[in-house]
Structures are given as C-alpha cells and as structure tokens.
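# Architecture and fold: a report
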Amino acid sequence: MALLAACSSNGGDGDATPDAGATSGGGGGGDEPVTLTWWHNGVAGDTGENSLGDYWDTVAADYMAANPNVTIEIEQIQNEDLQRTRIPTALQSGDAPDLFQQWGGGEMAAQAEAGYLMDLSDVLADDIGRLGGGVAPWQVDGVTYGLPFQFAVEGIWYRPSLFAEAGIADVPTTMDELNDAVQKLKDADIVPIAVGAADKWPAAHWWYNFALRSCTQDTVANAGTSLDFSDPCWVAAGDALQEFLGTEPFQPQFTSTVAQTGATSSAGMVANGKAAMELMGQWNYFVYEGFTDGSDEAKAALHEDLDWFPMPAVEGGAGDPSAAMGGGDGFSCFVDAPPECADFLAYIVSDDVQRGYAEAVGGLPVAPAAADAVTDPVLQKIAQTTSSAAYVQLWMDTLLGPNVGGAMNDGIVNIFNGTGDSQAVVDAMIAAAATS
Amino acid sequence: MTALEASGRNAGPAVEQSTAGSRPLTPATQHPRRDGVRKWAEIALFVGPALVLFLTFVVYPVVSAARYSLYKWNGVSQFSDAEFVGFSNYTRALWGGSDPATQQAFKTAYSQPFWEALSHNFAIIGLSLAIQLPVALLVALTLNRRFRGRAFTRVVIFAPYVLSEVIAGTMWLIIFDPNGIATQWTRAIGLDMPAGGWFEDPTWGFWTVFFIITWKYVGLAIILFLAGLSGVSEDLQEAAAIDGASWWQIQWRINIPLIGPTIRIWAFLSIIGSIQLFDMVWVLNRGGTAGQYSTIASYMMQIGFFRSDWGYGSAIAVIMFLLSFVIALAYMATILRRDNANPRKAR
C-alpha cells in the first residue's frame, strides 16, 4: 500500500519513556544471547525528521535494557522498497528478518500460505484479546500472523474557512448533503474535492467506499479469500461512482494530479487552500504539515483551518451506513525467528509503548487503553470514528492483494479516465482472480 | 538484456583479437604444445572475466525469465511450489488464452493492454523514422559548415540527450502540469490543454510523450549525422560545386549517400531503443493511469512487479527479448549487411 509511508513524516515532541519489561506473552526469558533483526518503514522524510524511526530506536533500546540477552538490529527501509522488493526477496531466500513490517490482508495471507509467518495466536493470545477488533486484518482463518500498532479509518479532510465562504453550515453526513456542498463550493468558484488520481489508489478509495455501502459486510470481507465478485453490488459500486463523477466534484485534470508530491498535488491543493476537501487517511494530517514552512506557527495556523468528517453515508445499499474503510501498520515474525520476537512484538503493542507512539509520533494506537494519549482534536475525531464504526473494512487493495487489488485499482482509474465502466472493473477483478 | 549484447557484438571481437594477437609473437613451430597452452591461457585471461559477467548477468537472467514464464508464480511463495502452466502465460498475453471460460475476460484484461503497449512501441519506431530522421538530417546538413558559435550550437542540440531520463522526465512533468507553463502558453494563444491533461488524456497522452521522446533523442541523431558528415571529403563537394551542382544536389547526391552507414546504424539504435523504451514513460507516470503511453517494458513492470504476477511478467519479458532479438538479427542480415561486409565501401 503506497500511502502508508506518509505517516512517518512528523510528530510531536512528547518524550516517551515506556516501562520496558512490562510485557505480556510468553517466550524469551532465557539468558542465551539472542539477536533480533527488525525491518520497518520509519525513514527520514524530506526535512530529515524521522520521528517514527527515532521512536522505534527508543523502543528497541528500552527493551534491550530490560532484556540484556537480546540485541535488536534495526534496518529502516523506504516503504515501497520494503514491501515490494526487500521483504519478498528476503522471505524467499530463507534468510528473512525476524520482525518485519506487515500491512495485513491478501499479501499477508499469501506469505502465511507459503509458510513464512509465525503463528502468534497462542503465544500472544492475551495481547490479541487486549487489542480487540483491530487485529482482524492480521488474521487468516482465525490464525493471527501479525499485530498492528496503528489502525484508523479514512474520512474527508476539509478547510472550514472555504466551507464558510461557500455558505456551508454543517458538515455533510449523507451523500445528498455532500453533493449539495459540492454545488455550493462550485458556485463560490472553489474546487470542491481534490483527488490524486494519477497515483490510482486515491481515486480507487472513492469506489471502495461506494462498495462498502452497496455490498454487505460479509460480501466485502469474504471477497479477500473467496475472490468471488459475482454479487451485483460490485457493479453497483461503480455505478454510484460514475453518478458521483457526473456531478464533477473533483479538480480539473484529476488524472494528472498526484496525491502527495508538490503544490499541485491533491494534498498540496488542500494545504494551500486551492481545494476544499480530500478523502484520505489519518496520515494526511502530517502530509498537509509538509506543505507549511515547518515552523510551529505555520503548523498551528494550518490546523486552525483544517478539520475532518467521516465519509458520508450512502443511502440505499446493503452495507451498514456507519461502516468505514480503514487500514493500518503492523509487524509479523518470521517463522524461524526466535521466541523473543513474539515477546518483543508484544512489547511494541503494549499499552505504554502504544501511548508513547501516540505522543511521540502522532499516530493512532490500536490498544484501547492508549486512546487517551491522542490529544489532537482532529485525530481524536478519527479515533472515535474508528471505534464507533459498525465495522471497519481493510483497504480493498490490501485485502485483495497486489494481483486482484491492482487490477481493481486500474479498472477504477479507467472510470476516472472515461475509458472504462462499472462492469469493466468487475471483469478485470474476475480475470485477475482467475490467474491467482 | 539488450539486443546488442544478445547478438553477441560485445563478446565476439574479444575472441578474435586475443587469438589474432597471440600468433606472430613467437614462432609456432618450435614449441607447438606450449604455444597451444599459452594461446588458451590468453584466451581465458582476456575473455574469461567478460564471459563470466556475460553468463551471470545476461544469459542466466534470460534463461531464468524463460523458466519463470512457464509457471504461475506470485513472487511470494517459494518458486519450487509454483504451478507449471506451460505456455498459457504467453497465450494469455497474445490472444487471451485457450480456455473458453476465461478467454473473453483475459482478452480485455490482459491481451488488449499488451497489444496496446506493443502498438505504442511500433508507433514510436515508425514515427521516429518518419519524423526524427528527416528533422535530424536537415539540421545536420544545415549545421555542417563553419559559422560562429558552431560548438555552442552543437552542445545545445546534444544537451537533452545528455540529461538523465529521470531529470528530463521530472522537468516535463512540471512543464506539462495542468497548471504548468505549457498550459499557460496554450491558453495565452486561445487554446486549451487536452481535456484529460497533457499526459493522461486518452487521445493526446501518447503524442505528448512522443514529443518528449523526440526532444530527448533527436540530438543524438544530429550529432551522429554531423560526425558522419565531417568524414565526407570536402573535395567531392567542391568538385560538384565546380560542375555546377546546387546546394540541394550536393546534399542529395553526395552527402546523404556518403553518410548512409551512419544513418543505418542510427536507425538500428533507434528501433532497438524504441522497443526497450522504459525510463521516460515510467518516470512520467508508469505508462499512464490507463496505459495511454504504455510500452511493452512498462507493461511488463506494471503487471509482473506491481501486481506480483511474476510468471506472466516473465512471459512478457521473453516476448520483448525475442522481438528485439529477431528485429536486430533481421536488420543486421538485411540492411546492415552491405555496411558490415565491406566497411571501406561507403555505399
């Protein structure tokens, strides 16, 4: 998933001093010297700042201090390199890192099927229970192969000042109200919604949300394993998207717009007040900050005029109106990793480390007990929506894996390009499913 | 893997030189055995390292790709667990496969984008020859004289070719941004950009990219032609001028025929480069969101690497390899044959 790299760009300066050693779960405990290798995606951003990487360094150091026999060797690797090249190659070579980034869903299922992943269901049973429903995307047929440290739903970021300029009093809660807001913004000569369709996935997320409403919870969730797209609700999702595109809610030439790079990207447009809304995950909080000069005053001024609301409910579908699309980041242990790997993973997702993660990195922790560490009002809103959603569906492309998921995203972008239709998306998914 | 390497042009001459050089040094009659050993030692010494590299990084990957292309493999599981599917990856790309249950779906989802990408490659070959060749020839003939600022002009013409593809691609992305300078200029003369944007418009995207490719590579053609022209004796031109030939007649009857070998080599490089075209289209936006300017290489990368359909991606790679190989051989055997057979004879 391309977009998860974005979440490491910034953070607060709260110092986290987690209570190392307060871990649950079995394993470890011996005095034999053990070396754990750990690959994660916390790399320095454009500004050289690396709050996530720095925080993981602290976490590893604290754990090593409490467990002197354990040495943790960390490698920070850029997100796409890590996901597409380094981890698959390492897993096939049999010389994989002990603990590595795991995005869940179809790709993890393929790794589990190939026998690369450690079954954590029993060793970390307590932690799985403590973290709750957020673990589901890291499970295959009830077996847990990884644990998330961050999980959140997506929603619509917007600029309240532009809403006021267009005379929009309340944030939209239904599609009708969203369409109404789009019209008012257009009347006021403001680009209603920015979308980075050149990167494909930001455009595809609109379709995901329509699919979430048109299909039942089971239809969507089971699609990850059954790869069965015969239900007419999948075509209905494309129809809903086409109808929405017909209202011309996006900026001109949206298929030439990228999501995060440069002032003319969709995030840049919102950050610079050139567009009023954007459908995105919680990481955009930090992506928008990247378009300021980096000073505290500039960031404060941005957040003064930046807010968030959940994706409006689509009427008339089989899905629950309060369901939401979401995703997160986690870690898996390699099947041959020493038992200390699971113990360290349990430490990473322990309540205190999760609290420190929220404070130091500004991430949205999975552990319910760490929710109070989220202090930013907008991030609190996202956390609340995540926990109050009827159910949270993992990003469709992550759920379906790169093959079917990629075919789906390509098909959806064809709708945006005007070169494809609702049926073509489903046909492409069925074709890809037949090859996997 | 490039076709030049595949055709053995890199490995061939090394063998000839080392064997040729070993003979005259010592009389072969006195120690025939020691000489034989020495000859082979020299061959091994000179050819060995290159041969090892060639086998490791050219032959082995090609053979591996050919092997992968016969399997259904997601790139995650061990290759030993991959399912053997014969040539079905190839037939999926070429005509949607033979299974009636999936043929129609595969045709739309795989065969169509494959042929579309391939047609872009061939369109670029044809357009390069039809547009770059006359343009480059005209510029080279015009510049083939002494004038102030000649060196500077040549550097400027060659500059785009020297620029890295990534830098050039990023530059054009900025220029052709929907709010970029190209849009502002077209608006200034009362026109508008293509409806979907310069790169992503289903009709115009390809032409924008072809324009950039021409800008990038026409400089190479001009410099090659100028180098060829500098080898044409001025006596011939003077003699022709004395005989009353016009400027056009001198170019048409003397200069152009005499740089024929250069033109033919350029065309060869251009054709092979067009088949392998990847860097620029990838930097711009991976061949376009809907494959507006996809090439066979960008399509291979998109499906094989990003969709983790490794067997299918390998099949595309093999098709691309065979295509370059066959075209290179055919070109060598027909058009370049007269140049290679007797290098001293210019025509």
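A short tour of the structure in this document, coming up. (Residues numbered from 1 in each chain as written. Chains lettered and ligands numbered in written order. Predicted model: local features only at pLDDT ≥ 70, side-chain atom pairs only at ≥ 80, totals over all residues. Heavy atoms only, no water.)

A count of helical and extended segments in chain B gives 16 helices and two strands. With 347 residues in all, chain B has 41% of them scored as buried. A fraction of 64% describes how many contacts in chain B between residues 6 or more apart in sequence connect residues 24 or more apart. Surface summary for chain B: the accessible area is close to 18800 Å², and the carbon and sulfur share equals 66%. (Helix = DSSP H or I, 4+ residues; strand = E, 2+ residues; numbered from the N terminus. Buried < 20%, exposed > 50% of the residue type's maximum accessible area, 1.4 Å probe, protein only. Contact = heavy atoms within 4.5 Å. Areas by Shrake-Rupley, 256 points an atom, 1.4 Å probe, with all protein chains shown as cover.)

Bringing the overall build of chain A into the picture now. Looking only at helices and strands, chain A has 17 helices and 12 strands in total. A compact globule built from 436 residues would reach a C-alpha radius of gyration of about 22 Å, and chain A, at 21 Å, matches this within 12%. Overall size of chain A, expressed as C-alpha extent along the three principal axes, is 70 × 55 × 35 Å. The buried share of chain A, taken over its 436 residues, is 59%. When the accessible surface of chain A is summed, it comes to about 15300 Å², and 48% of that surface belongs to carbon and sulfur atoms. Seen as two clouds, the 12 positive and the 61 negative side-chain charges of chain A have centres 9 Å apart. (Rg over C-alpha atoms; globule rule 2.2 N^0.38 Å. Lys, Arg positive; Asp, Glu negative; His and termini not counted. Charge placed at Lys NZ, Arg CZ, Asp CG, Glu CD.)

It is worth spelling out the environment of P134 of chain B at this point. All names here are of chain B. Looking at the element boundaries, P134 is found in helix α5 (residues 100–143). The exposure class of P134 is partly exposed, given its relative accessible area of 40%. Separated by 47 residues in the primary sequence, P134 and I181 place their C-alpha atoms 29 Å from one another.

A few words on helix α11 (residues 247–258) of chain B. All names here are of chain B. Look at α11: 15 Å from first C-alpha to last across 12 residues, which is about the 16 Å you get at 1.5 Å a residue. What α11 keeps buried is the set I250, Q251, I254, N255 and I256. Looking at the packing, one finds that the buried side of α11 touches α5, α9 (205–230), α10 (234–242) and α12 (260–276). (Expected span 1.5 Å × (residues − 1).)

Before going further, it helps to spend a moment on the interface of chain A and chain B. At the interface, 31 residues of chain A touch 34 residues of chain B. Summed over both partners, the interface of chain A with chain B buries about 2500 Å², with 53% contributed by carbon and sulfur atoms. Three residues, Q92, Q253 and T435 of chain A, lead the burial of chain A against chain B; their summed loss comes to 22% of the area buried on that side. Between the two partners, chain A and chain B, sit one salt bridge. R307 of chain B is the partner of D410 of chain A in a salt bridge, and the nearest nitrogen-oxygen pair spans 2.5 Å. Counting residues per element, the ones that place at least two in the side of chain A that touches chain B are α2 (79–93), α3 (105–113), α16 (396–417) and α17 (422–435) of chain A. Of all the elements, α16 of chain A adds the most residues to the side of chain A that touches chain B, at eight residues. By residue class, the composition of the side of chain A that touches chain B is 14 nonpolar, 14 polar and three charged. (Buried area = accessible area lost by both parts, 1.4 Å probe. Salt bridge = Lys/Arg side-chain N within 4 Å of Asp/Glu carboxyl O. Nonpolar A, V, L, I, M, F, W, Y, C, P; charged D, E, K, R; others polar.)

Two modes of strand pairing occur in sheets, parallel and antiparallel, and in both the strands are linked by backbone hydrogen bonds. Residue and element names in this part refer to chain A. Read from one edge to the other, the open sheet built from four strands follows the order β8-β9-β7-β10, with strand pairing classed as mixed. Of all the strands in the sheet, just β8 (191–193) and β10 (307–310) have a single pairing partner and so form its edges. Strand-to-strand, the axes of this sheet are offset by a mean angle of 20°, without reference to chain direction. (Pairing = 2+ DSSP bridges. Axes fitted to C-alpha atoms, helices over the stretch in contact; angles between N-to-C directions.)

Residue and element names in this part refer to chain A. Enumeration according to the criterion identifies two disulfides over all chains in this entry. Sulfur-sulfur distance for the disulfide between C215 and C233 comes to 1.9 Å. Looking down the S-S bond of the C215 and C233 bridge, the torsion is 95°, so its handedness is right-handed. With C215 in the loop between α7 (201–214) and α8 (217–226) and C233 in helix α9 (residues 233–246), the pair connects residues that are 18 residues apart, well separated along the chain. Accessibility expressed as a relative area gives 0% for C215, which makes it buried. Taking the relative accessible area as the measure of exposure, C233 reaches 5% and is therefore buried. A sulfur-sulfur distance of 2.1 Å marks the disulfide that ties C333 to C341. One quick way to see it: the torsion about the S-S bond of C333 and C341 is about -100°, and its sign makes the bridge left-handed. Residue C333 is classed as buried on the basis of its relative accessible area, which comes to 0%. For C341, a relative accessible area of 1% corresponds to the buried category. Here the cysteine-cysteine linkages of chain A are recorded as 1-2, 3-4, numbering only bonded cysteines and doing so in sequence order. (Disulfide = S-S within 2.5 Å.)

Another aspect to go through is a nonpolar patch on the surface. Taken together, the side chains of L51, L55, V59 and V63 of chain B define a hydrophobic patch exposed on the protein surface, amounting to about 310 Å² of accessible area. Residue placement: V63 of chain B occurs in helix α3 (residues 32–68). (Patch = residues over 30% accessible without salt bridge, like charges linked within 9 Å, V, L, I, M, F, W, Y side chains within 5 Å.)

Residue and element names in this part refer to chain B. By the definition in use, this model includes 62 aromatic pairs over all chains. Judged by centre distance (6.2 Å) and plane angle (50°), the ring pair of W73 and W310 falls under tilted. Separated by 237 residues along the polypeptide, W73 in the loop between β1 (71–72) and β2 (83–84) and W310 in helix α15 (residues 310–334) bring together distant segments of the chain. For W310, a relative accessible area of 28% gives the class partly exposed. With a centroid separation of 6.5 Å and 55° between ring planes, the pair formed by F114 and Y299 is classed as tilted. Here F114 is found in helix α5, whereas its partner Y299 is found in helix α14 (residues 296–306), with 185 residues between them in sequence. (Phe/Tyr/Trp six-rings, centres within 6.5 Å; stacked < 30°, edge-to-face > 60°.)

Residue and element names in this part refer to chain A. The geometry of helix α1 (residues 51–66) relative to helix α13 (residues 340–348) is characterised by a closest axis approach of 11 Å and an angle of 125° between their N-to-C directions. As judged from the angle between their axes, α1 and α13 are oblique. Our pair here, α1 against α13, has a crossing hand that is right-handed. Across the interface between the two elements, W56, V59, A60, D62 and Y63 from α1 touch E340, D343, F344, Y347 and I348 from α13. For the contact of α1 with α13, the per-class residue count stands at seven nonpolar, no polar and three charged. (Parallel < 35°, antiparallel > 145°, perpendicular 65-115°, else oblique. Left-handed = near helix turned anticlockwise from the far one by under 90°.)

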